[in-house]
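A look at the structure
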Amino acid sequence: MSLVALTSLAGLFAVVTGVNDGGALLATGLKIPSIPPLAGVIMMMVTVALVPLVTYRVARTFTTRLASMEGPYGRIALVVAVLAALAVVAVLNNRGLPTSLTLAIVGALAGAGLGWGLPVSAGAVLFVLAVALASPFVGGLLAILTIRLLVRLAHGRTLRQWHRAGFALQCLAYAANDGQKMLAVFMLALGLSSPPFLICLAVAVLFGIGALYGLPRAGRTLSRGIIASRPLHGVTAELASGTAVIGCAAIGAPVSMTQTIAGALIGAGVAESSGRVRWHAATKIVLAWTLTLPVSGLLAAAAALIVRGVIA
């Protein structure tokens, strides 16, 4: 498999990740004008570029713990996995079911590995799945506690200060966890055991391009789709989701920031009144999450079997 083709595919994955995740990260604070969208994208790019130089533990979970993608056949399986993950996310998004690219790539890496006969760690896959399922609930519970604290502490300009702190925390959490799936694909494509700065910088730039492109649509999904939100709910979701995702990064478990933000928004809404939550929209999103990992895994496994049979 050509190195240029692999690198190009990794670059495409980073851009699509920006489209899928960038708007979601900005969505919670859209009703608070203290951080303009362009400044927010730049903050995300800076953290995505710099945080992996300090820790890339989650990236290593993708590259070493889930499945072995070493050697020429491993790289072909990687191509199959990335294409399967992108296809599942694209189909679900086009059907109005926004989902997690993290769940998609986890399922696709495991499925492609199994389909090609490569070593796959069932324990690691189950661990990642368990943490991914728990993260929205943890985000929701943290949001219930956080909004009660903010009601006492935050108002007016103070809420804007909490928003800046919450968004910064969210950016750090994303760069330390969910965002490292982009870095992992580059590391697998290039056969790297650690990420050099130039690769981190390239990932950040490509992510930023995707985030700017996808901001309008992705931002509406969370800022308006799940709850009838107020600025207080957005700040609560930032602080709660950032805390939960950083905790997951500490144990090397990749989780979806979008999932955790959604759980935190629901928790913030329920803390005031369950009537604020648009349960129909929330149910559609949960359905998409439920389908993403197994469908990605099955599609990647089937594609890997076909490609393997043709090459063999």
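Because the structure is a prediction, the values reported are computed rather than measured. (Residues numbered from 1 in each chain as written. Predicted model: local features only at pLDDT ≥ 70, side-chain atom pairs only at ≥ 80, totals over all residues. Heavy atoms only, no water.)

Some details on the packing of helix α1 (residues 3–27) against helix α8 (residues 180–190)
What counts, and what does not: For every element, the axis is a line fit to its C-alpha atoms; helices are fit only across the contacting stretch, and the angle between N-to-C directions ranges from 0 to 180 degrees. Runs of H or I in DSSP of at least four residues are treated as helices and runs of E of at least two as strands, each being numbered from the N terminus. Here the angle decides the label: under 35 degrees means roughly parallel, over 145 means roughly antiparallel, 65 to 115 means roughly perpendicular, and every other value means oblique. Whether two residues are in contact is decided by their heavy atoms, any of which lying within 4.5 Å being enough. In the scheme used here, Gly and all other residues not listed as nonpolar or charged are polar, with Ala, Val, Leu, Ile, Met, Phe, Trp, Tyr, Cys and Pro taken as nonpolar and Asp, Glu, Lys and Arg as charged.
Direction vectors running N to C along α1 and α8 enclose 175°, while the axes themselves pass 9 Å from each other. Classified by the angle between their axes, α1 and α8 sit roughly antiparallel to one another. In this structure, α1 uses Leu3, Leu6, Thr7, Ala10, Gly11, Phe13, Ala14, Thr17 and Asp21 to contact α8, whose residues at the interface are Lys181, Met182, Val185, Phe186, Ala189 and Leu190. Taken together, the residues of the contact of α1 with α8 break down into 10 nonpolar, three polar and two charged.

Things to note about empty space enclosed by the protein
We apply this condition: With a 1 Å grid laid over protein atoms only, a set of points is called a cavity when a 1.4 Å probe fits there but cannot get out and a pocket when it is open yet has protein on both sides within 12 Å along at least five of seven lines; lining residues have an atom within 4 Å of a point. Grid points are joined across faces, edges and corners, and a volume is the space filled by probe spheres set on the points.
Going through the model one piece at a time under the given rule, you end up with two cavities of 30 Å³ or more. Surrounding the second largest cavity, Val48, Pro52, Ala175, Gly179, Gln180, Leu183, Cys200 and Val203 form its lining. Those elements that place two or more of their residues in the lining of the second largest cavity are α8 and α9 (197–225).

Brief notes about the nonpolar core
Here is the rule we go by: By nonpolar core we mean a set of buried residues, namely Ala, Val, Leu, Ile, Met, Phe, Trp, Tyr and Cys, connected to one another through side-chain atoms within 4.5 Å. Classification of residues uses two cut-offs on accessible area relative to the type maximum, computed with a 1.4 Å probe and protein chains only: under 20% is buried, over 50% is exposed, and between them is partly exposed.
Met44 and Leu109 are the most contacted members of the largest nonpolar core, which totals 96 residues. Of all the elements, helix α4 (residues 71–94) adds the most residues to this core, at 11 residues. In this view, Leu109 contacts Phe62, Leu66, Ala67, Met69, Leu78, Ala81 and Leu188; residues no more than four positions away in its chain are not counted.

What about the pattern of salt bridges?
Oppositely charged side chains can form a pair if their charged atoms are brought close together. This is how the line gets drawn: What counts as a salt bridge is simple: a side-chain nitrogen of Lys or Arg found within 4 Å of a carboxyl oxygen of Asp or Glu.
Summed over all chains, the structure comprises two salt bridges. Asp21 is the partner of Lys181 in a salt bridge, and the nearest nitrogen-oxygen pair spans 2.8 Å. On the criterion of sequence distance, the pair formed by Lys181 in helix α8 and Asp21 in helix α1 is long-range, its members being 160 residues apart. The pair Lys181 / Asp21 is uniform in exposure class, with both members buried. With a shortest N-O distance of 2.8 Å, Asp178 and Lys181 are connected by a salt bridge. For the residue pair Asp178 and Lys181, the accessibility class agrees, reading buried in each case. Bridged by salt links that share partners, the residues Asp21, Asp178 and Lys181 form one connected network.

Digging into the packing of helix α6 (residues 122–153) against helix α11 (residues 257–272)
The condition that has to hold: The crossing is said to be left-handed when, going from far helix to near helix, the turn is anticlockwise and less than a right angle, and right-handed when the turn is clockwise.
One can describe the packing of α6 onto α11 by two numbers: an axis separation of 7 Å at closest approach and a directional angle of 40°. The orientation of α6 relative to α11 falls into the category oblique. Seen along the crossing, α6 lies across α11 with a hand that is right-handed. Of the residues in α11, those touching α6 at Ala132, Ser135, Pro136, Gly139, Gly140, Ala143, Ile144 and Ile147 are Gln259, Thr260, Gly263, Ala264, Gly267, Ala268, Ala271 and Glu272. Of the residues assigned to the contact of α6 with α11, the class counts are eight nonpolar, seven polar and one charged.

Quick look at the UniProt feature "transmembrane region" (unreviewed entry) in the protein chain
Applied cut-off: UniProt positions are given in the numbering used here, feature names are shortened, and annotations may be inferred rather than shown by experiment.
Within this numbering scheme, the UniProt entry marks residues 34–55, 76–93, 99–118, 125–151, 196–215 and 286–311 as carrying the feature "transmembrane region" (unreviewed entry). Span residues 196–215 is 95% helix and 0% strand, its end C-alpha atoms 28 Å apart. The annotated region residues 286–311 carries 100% helix and 0% strand content, and the separation between its end C-alpha atoms amounts to 38 Å.

Structural notes on the side chain of Thr146
Here is the rule we go by: Whenever two N or O atoms come within 3.5 Å, that pair is a polar contact, provided that in protein one can donate a hydrogen and the other can accept it, and provided that, for residues adjacent in sequence, both atoms are side-chain atoms.
Note on placement: Thr146 falls in helix α6. Assessed through its relative accessible area of 15%, Thr146 is described here as buried. Engagement of the side chain of Thr146 in a polar contact is seen with the backbone oxygen of Leu142, the distance being 2.7 Å. Not counting the four nearest positions on each side in its chain, Thr146 is found in contact with Thr236, Leu239 and Ala240.

Describing a nonpolar patch on the surface
Selection criterion: Like charges are joined within 9 Å and nonpolar side chains (Val, Leu, Ile, Met, Phe, Trp, Tyr) within 5 Å, but only among residues with over 30% relative accessible area and no salt bridge; these make up the patches. What sets the accessible areas is the Shrake-Rupley method with a 1.4 Å probe; for residues, cover comes only from the shown protein chains.
A grouping of Leu38, Ile42, Val46, Leu50, Leu53, Val54, Phe197, Leu198, Leu201, Val205, Ile209 and Leu212 is seen on the molecular surface, where their side chains present a nonpolar patch of about 1100 Å² in accessible area. Looking at the nonpolar patch, the elements that each hand over two or more residues are α2 (37–50) and α9. In terms of residue count, α9 provides more of the nonpolar patch than any other element does, six residues in total. Assignment of secondary structure puts Val54 in the loop between α2 and α3 (57–65).

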